[in-house]
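Chains, contacts and geometry: an overview
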Number of protein chains: 2
Amino acid sequence: MALEHAILVSLTERAGSGYELARRFDRSIGFFWPATHQQIYRVLRRMDDAGWITHTDVAQDGRPDKKVYEVSEDGRSELARWLAEPVDPAILRDGLAVKLRGASLGDTAAVLREVERHRAEHATRLETYRGIQRRDFPKPDKLNGRELHQYLVLRGGVRAEESFLGWCDEVIQAMRSESTS
Amino acid sequence: MALEHAILVSLTERAGSGYELARRFDRSIGFFWPATHQQIYRVLRRMDDAGWITHTDVAQDGRPDKKVYEVSEDGRSELARWLAEPVDPAILRDGLAVKLRGASLGDTAAVLREVERHRAEHATRLETYRGIQRRDFPKPDKLNGRELHQYLVLRGGVRAEESFLGWCDEVIQAMRSESTS
DNA sequence: CAGGACATGTAACAGGTTACATGATTAT
DNA sequence: ATAATCATGTAACCTGTTACATGTCCTG
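Residues numbered from 1 in each chain as written. Chains lettered and ligands numbered in written order. Predicted model: local features only at pLDDT ≥ 70, side-chain atom pairs only at ≥ 80, totals over all residues. Heavy atoms only, no water.

As named in an unreviewed UniProt entry, chain A is PadR family transcriptional regulator, taken from Kribbella koreensis.

1. Observations concerning the packing of aromatic side chains
Where two aromatic rings form a pair, the distance of their centres and the angle of their planes describe that pair. Counted under the stated rule, the structure contains 6 aromatic pairs over all chains. Stacked on the ring of Tyr19(A), the Lys or Arg Arg23(A) has its end atom at 5.0 Å from the ring centre. Cation over ring: Lys99(B) sits above Trp82(A), and NZ or CZ is 4.8 Å from the ring centre. (Phe/Tyr/Trp six-rings, centres within 6.5 Å; stacked < 30°, edge-to-face > 60°. Lys NZ or Arg CZ within 6 Å of the ring centre and 35° of its normal.)

2. Observations concerning the interface of chain A and chain B
Size of an interface: often given as the accessible area lost when the parts come together. Facing 66 residues of chain A, the contacting portion of chain B comprises 67 residues. Buried surface at the junction of chain A and chain B, both sides included, amounts to about 6300 Å², of which 64% is carbon and sulfur. Measuring nitrogen to oxygen at the nearest pair gives 2.9 Å for the salt bridge that ties Glu170(A) to Arg155(B). Our count for the chain A to chain B interface comes out at 28 residue pairs in polar contact (both at pLDDT 80 or more). Broken down by secondary-structure element, the contributors of at least two residues to the side of chain A that touches chain B are α1 (3-13), α4 (73-83), β3 (91-93), α5 (95-102), α6 (108-136) and α7 (145-179) of chain A. Taken together, the residues of the side of chain A that touches chain B break down into 35 nonpolar, 16 polar and 15 charged. One ladder, built from 3 bridges, connects β3(A) with strand β3 (residues 91-93) of chain B; its direction is antiparallel. By the bridge assignment for β3(B), Arg93(A) is matched with Ile91(B). (Contact = heavy atoms within 4.5 Å. Buried area = accessible area lost by both parts, 1.4 Å probe. Salt bridge = Lys/Arg side-chain N within 4 Å of Asp/Glu carboxyl O. Polar contact = N/O pair within 3.5 Å; in protein donor to acceptor, adjacent residues only side chain to side chain. Helix = DSSP H or I, 4+ residues; strand = E, 2+ residues; numbered from the N terminus. Nonpolar A, V, L, I, M, F, W, Y, C, P; charged D, E, K, R; others polar. Pairing = 2+ DSSP bridges.)

3. A short note on the relation of the copies chain A and chain B
Rotating chain A by 180 degrees about the axis while translating it 0.0 Å along that axis superimposes it on chain B, leaving an RMSD of 0.1 Å. Between the two chains, the operation in question is that of a two-fold axis. Across chain A, the rotation axis passes nearest the C-alpha of Leu92(A), at a separation of 2.4 Å. In this assembly, 100% of the residues forming the interface of chain A have copies in chain B that are likewise at the interface, indicating an isologous arrangement. (Least-squares fit on C-alpha atoms with pLDDT ≥ 70 in both.)

4. Some words on the protein's contact with DNA strand D
Among the 22 residues in the neighbourhood of DNA strand D, the closest are listed as Tyr19(A), Gln60(A), Lys67(A), Gln39(B) and Gly62(B). Its residues assigned to classes, the surface near DNA strand D comprises 5 nonpolar, 9 polar and 8 charged. (Near = heavy atom within 4 Å.)

The following block contains the structure:
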């Protein structure tokens, strides 16, 4: 019920093809609402049928044709309607937490190595976010409207990754000192 | 592919019925791996068929009969096998972030109110976690093994909620001062 | 007497994943 | 030559959600 709306937000910012949307989801909005290209194609068709978006076939030389989608008036009002509704709280599905909880039922050292691996991945993601922040929002005090909202979402990503890294460090430290005591 | 393993972890800690598992998921492990009772019943049957768990029918007076499940040897080795595997990074699906990103395309004030509502819900959840921490782990320095791991998972929950609250405050402050400038 | 907890389940549907298919261009 | 990028799609499958069904006991 919300992939449609995530796509409406993204397409309102800029029109694009299914493929382009899938790239955007990989790089930005998908950190908060992940989606594969198959999901996106399926939902785009449904939205097109419902009249929330329209498409234009664009021929390209050397590359396959693409369908560039843009948001219709109906899509805009549907988005406005959805924005005024309450949303469910964020859903987190963290296999690493499940593993840590069961660590003593298997190879504890392997779970610790897995925590270290995740720490490295999240450190990379944090650097990505900080790069975007420096490049796109160098003066956050001056922002308002859409740009401010985009910046604030990014800040959420930065905070979440910082928090995750801090947790990994706490886990790594506690598990290391446990095994040597 | 991991609800099975979350259930194995929970059932190893303590045997129980599908209903009891569903309650546990609501209160603890489900904060990191949510599941409804229907999902749990379906997966329990599959695990029973696969021989990872066994059940005993327990008659109760005044209450319906229940099937108490416990983990078999095969289940234990499956869990150990899974624990040594890499896990995918945590998946976050946050409709509030999508709304904030699109806020300027609708009623910005309504989105702000929604952020305030989520802040309150997460404050409650944080208090729940802190209550468990005080009750079950009053002296965290002394912990090791399974208890240490349970404590560390809870710490992850506390950190995540603290981080979320901090983000909400940042958003609320930025959006309020924007609308008055 | 209404509502909630206890206990398990079926059925239908919506959402998400994985594998495969096609075919051109560009970079290594 | 090989792989990667661009671009769209089908099919099969698994996971997750919502609604409904049943029946007892306990509490307000």
